[in-house]
Amino acid sequence: MTINTLYELVRNSVEKFASKVAFSMFEGDDVTYAEVGRRIEKVQEILTGAGLRAGDKVALLSSNMPNWGVCYFAVTSAGMVAVPILPDFSTEELEMIIAHSEAKALMVSDKLFAKLAKSTIESLHIVIRTKNLGVIASRPAAEKGAVGIPNPEDLAVIIYTSGTTSRPKGVMLSHANLCAQISMSAAIFPIFPDDTFLSVLPLAHTYECSIGMIYPFSMGARVVYLDRPPTASVLMPTLAEVRPSVMLIVPLIIEKIYRHQILAKFTSSGFWRALYKIDFMRRYLHRVAGKKLMKVFGGRLRFLGIGGAKLDTQAEQFMLE
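Everything in this summary refers to the structure shown in the same document. Treat the numbers as computed from the prediction; the structure is a model and nothing was measured. (Residues numbered from 1 in each chain as written. Predicted model: local features only at pLDDT ≥ 70, side-chain atom pairs only at ≥ 80, totals over all residues. Heavy atoms only, no water.)

What to know about the overall build of the protein
- In terms of regular secondary structure, the protein is built from 13 helices and 13 strands.
- Relative to the 2.2 N^0.38 estimate, which gives 20 Å for 321 residues, the radius of gyration of the protein is 21 Å and therefore close to what a compact globule would have.
- Summarising its shape, the C-alpha atoms of the protein cover approximately 75 × 45 × 35 Å along the three principal directions.
- Relative to its full complement of 321 residues, the protein shows a buried share of 49%.
- Considering only residue pairs separated by 6 or more positions, the protein has 70% of its internal contacts joining residues 24 or more positions apart.
- Per element, the accessible surface of the protein, about 15400 Å² overall, is 56% carbon and sulfur. (Helix = DSSP H or I, 4+ residues; strand = E, 2+ residues; numbered from the N terminus. Rg over C-alpha atoms; globule rule 2.2 N^0.38 Å. Buried < 20%, exposed > 50% of the residue type's maximum accessible area, 1.4 Å probe, protein only. Contact = heavy atoms within 4.5 Å. Areas by Shrake-Rupley, 256 points an atom, 1.4 Å probe, with all protein chains shown as cover.)

Some points on the pattern of salt bridges
- Here the structure, examined in full by the defined rule, presents eleven salt bridges.
- Ionic pairing is found between E27 and R228, a salt bridge with its closest N-O pair at 3.7 Å. Highlighted residues: E27 in the loop between β1 (21–25) and β2 (30–32) and R228 in the loop between β11 (222–225) and α9 (232–242), separated in sequence by 201 residues.
- With relative accessibility at 33%, the residue R228 sits in the partly exposed group.
- With its nearest N and O atoms 3.0 Å apart, the salt bridge here joins R282 to D279. Of this pair, R282 and D279 both sit in helix α12 (residues 279–296), three residues apart, roughly one helical turn.
- A relative accessible area of 11% places R282 in the buried class. (Salt bridge = Lys/Arg side-chain N within 4 Å of Asp/Glu carboxyl O.)

Overview of the sheet that holds strand β13 (residues 303–306)
- Pairing is mixed across the open sheet formed by six strands, whose spatial order is β2-β1-β11-β10-β12-β13. Two strands close off the open sheet at either side, each with one partner strand: β2 and β13. In this sheet, neighbouring strand axes are inclined to one another by 20° on average, regardless of whether the strands run parallel or antiparallel.
- Inspection of the sheet shows strand β10 (residues 196–199) paired to β11 by four bridges, in the parallel sense. Bridging from a neighbouring strand, S199 pairs with Y225 of β11.
- Sitting on the sheet, helix α8 (residues 206–219) touches β1, β10, β11, β12 (246–249) and β13, and the angle it makes with β12 is about 165°. (Pairing = 2+ DSSP bridges. Axes fitted to C-alpha atoms, helices over the stretch in contact; angles between N-to-C directions.)

Considering the environment of G307
- By the secondary structure assignment, G307 is in the loop between β13 and α13 (313–320).
- C-alpha of G307 to C-alpha of S77: the two residues are 230 residues apart in sequence and 28 Å apart in space.
- Apart from residues lying up to four places away in sequence, G307 is in contact with Y207, I249, V250 and P251.

What follows is the structure, given as structure tokens:
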């Protein structure tokens, strides 16, 4: 079956994988595909009740949680346009993005709500709390809105860049753009319903959102979220319990593991340093360390994606060997 819109994707997955777990919070609740479908309908009723219609923009400013995906799919499958916003933007940048995108509604997590100015909240038709999908603020609608079934060419998402070189810019992606990624990803590395993802990167990053959320949802896999920063002390016990088969990270995470766990050991004495300088011994030591690292990651890892920045040369050599 060829899927060309997120509306088709949601309907197919909710029906096909109804009883399976779609999203989980680590040490928290599991949300099945059927429950995702029910929550999507609830969010769409709230949005249309506030007067929103297909084509309207809805900002999504939230920490990672099962309801992030619920909100994203509720907006896009209704023919509306999602505007995921990175959580580390300043108040000024948040105000600029919400105004520039012409968002009429906002879905926000508790901590990030505090970063918003009162004037920004008042400019919106409705503000929804992502934690429980309750309404934080709203104003009376002149008339009830309506959902629409999107076409493949319709705008689905506006993603604002991190703004490292200038002010954040809005990148416009259609339903066809996002769905094409699923086909390309499946051709590179297939995902199965028994796969478990551990998500540690912000979902507003298109890297994590597309490969780490949309792709597994389309295939009936499970995604587990953390409610805290992925420091070593947090990651180690989480990996041991979740035992992910797929995980996406940025270079900094694996570079820290390499420097502190691998390189530190092999340069701790003159004996180890001498061995480490010999090519075939270094490759052997890397293989031994790799087996131990595989156990640290839970022993089930099939795919480890490292992206978003350049990987340190030494760390890359270690991974390859």
